[in-house]
Amino acid sequence: MTESKGALRKAALLDAAEEVLVTKGNANAAMRDFAAAAGVRIGHLQHYFPTRSDLIRAVLERALERSLRRLEETAGFDLGSDASGTLSRDDSGRLLTALLLEHSELADVRMHLEIWALAASDDQAAGALRSFYHQYAAHVQGVVRRGRPELSEPSLRGVVAAIVSLFEGAAVTRSDIAGLRTEQGDHAIIRTAQWLIHGQETAQ
């Protein structure tokens, strides 16, 4: 189905917003800067995204949707938060390997770091970031529930928090910013995540 003109305009505005965050940083993340990067007036930008938090939330939601599509294509199974079915070790291995590749995109790492920096001093941006992680965690919870259906809700939430923290931290430390990426380190991250998902050590 062909996208509507409105959808195409929104996509172009989000592209410009990502470009600003990656290349100019949060210091230039005012609405006028996003509008200028898109080549439109602020009023046009605010027609689609009334506030900066609305724009940041849309940037993050699109990034999550984009990542989920790529992960599903690579892993070969549904990652919807309400997906069902048993998760095998091979399934989780493919998924986690693909997730590490997703977290190797320096532009995405920079964009998220800039949003984090913005959220540290902007309550509305912080709310958009919390919304993003709530959605992210819901998808991870769906994966863990398929690997360990016996977990209680509090335990499940704890495991999900650990996995999200593991991969979000790895995104920074494995990037060119920190430069700590190694093949052995990647294997250790995957083994740790599989232990969390399946509840036992993987084969060495």
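Residues numbered from 1 in each chain as written. Predicted model: local features only at pLDDT ≥ 70, side-chain atom pairs only at ≥ 80, totals over all residues. Heavy atoms only, no water.

Trainee: Looking at this structure, how should I read the environment of Ala170?
Mentor: Turning to its location among the elements, Ala170 is positioned in helix H8 (residues 153–173). Judged by its relative accessible area of 5%, Ala170 is buried. Counting along the chain gives 11 residues from Ala170 to Arg181, while the straight-line C-alpha distance between them is 8.5 Å. Not counting residues up to four positions away in its chain, the partners in contact with Ala170 are Ser175 and Ile189. (Helix = DSSP H or I, 4+ residues; strand = E, 2+ residues; numbered from the N terminus. Buried < 20%, exposed > 50% of the residue type's maximum accessible area, 1.4 Å probe, protein only. Contact = heavy atoms within 4.5 Å.)

Trainee: Please explain the packing of helix H4 (residues 52–75) against helix H6 (residues 106–119) as it appears in this structure.
Mentor: Working note: a packed helix pair is described by the angle between its axes plus the distance between those axes. Axis separation between H4 and H6 bottoms out at 12 Å; the angle between their running directions is 150°. One way to sum up the angle between H4 and H6 is to call them roughly antiparallel. Like other packed secondary-structure pairs, H4 and H6 cross with a definite hand, here left-handed. On H6, the residues that touch Arg52, Ile56, Val59, Leu60, Ala63, Arg66 and Arg70 of H4 are Asp108, Met111, His112, Ile115 and Leu118. Of the residues that constitute the contact of H4 with H6, the class distribution is seven nonpolar, one polar and four charged. (Axes fitted to C-alpha atoms, helices over the stretch in contact; angles between N-to-C directions. Parallel < 35°, antiparallel > 145°, perpendicular 65-115°, else oblique. Left-handed = near helix turned anticlockwise from the far one by under 90°. Nonpolar A, V, L, I, M, F, W, Y, C, P; charged D, E, K, R; others polar.)

Trainee: In this structure, what is going on with the nonpolar core? I would like to understand it.
Mentor: In a soluble, globular protein the nonpolar side chains are often hidden away together inside. Counting 57 residues, the largest nonpolar core has Phe34, Tyr136, Val144 and Phe167 as the members making the most contacts within it. For Tyr136, the residues in contact, after removing those within four places along its chain, are Leu64, Leu99, His103, Val164, Phe167 and Glu168. (Core = buried A, V, L, I, M, F, W, Y, C linked by side-chain atoms within 4.5 Å.)

Trainee: How should the packing of aromatic side chains be read in this particular structure?
Mentor: Here a ring pair, both rings aromatic, is described through the centre-centre distance and the interplanar angle of the planes. With the rule as written, the count across this model stands at four aromatic pairs. Ring geometry for Trp116 versus Tyr133: centroids 5.9 Å apart, planes at 55°, classification tilted. Of this pair, Trp116 sits in helix H6 while Tyr133 sits in helix H7 (residues 123–147), placing them 17 residues apart in sequence. The exposure class of Tyr133 is buried, given its relative accessible area of 16%. (Phe/Tyr/Trp six-rings, centres within 6.5 Å; stacked < 30°, edge-to-face > 60°.)

Trainee: Whenever I open this one, the packing of H8 against helix H9 (residues 183–198) confuses me. Can you help?
Mentor: Between H8 and H9, the shortest axis-to-axis distance is 10 Å and the interhelical angle comes to 165°. Classed by the angle they form, the pair H8 and H9 counts as roughly antiparallel. By crossing handedness, the relation of H8 to H9 is classed as left-handed. Taking contact as the criterion, the partners of Val159, Ala162, Ile163, Leu166, Phe167 and Ala170 in H8 are, on H9, Ile189, Thr192, Ala193, Leu196 and Ile197. Split by residue class, the contact of H8 with H9 holds 10 nonpolar, one polar and no charged.

Trainee: Help me understand the side chain of Glu102 in this model?
Mentor: Along the polypeptide, Glu102 turns up in helix H5 (residues 89–102). Taking relative accessible area as the criterion, Glu102 reaches 13% and is therefore assigned buried. Apart from the residues within four sequence positions on either side, Glu102 is in contact with Ser67, Arg70, Leu71 and Asp108.

Trainee: What's the story with H8 in this structure? I'm lost.
Mentor: Side chains three or four residues apart in an α-helix point the same way, a direct result of the helix having 3.6 residues per turn. Across its 21 residues, H8 extends 30 Å between first and last C-alpha, which sits within 8% of the 30 Å expected from 1.5 Å per residue. Where H8 is concerned, the buried positions are Leu156, Val159, Val160, Ile163, Val164, Phe167, Glu168, Ala170 and Ala171. Each buried residue of H8 sits inside an arc of 160° when the element is viewed along its axis, so together they form one side. Seen from the buried face of H8, the exposed residues on the opposite side, beyond 90 degrees, are Pro154 and Ser165. (Expected span 1.5 Å × (residues − 1). Arc of directions from axis to C-beta.)

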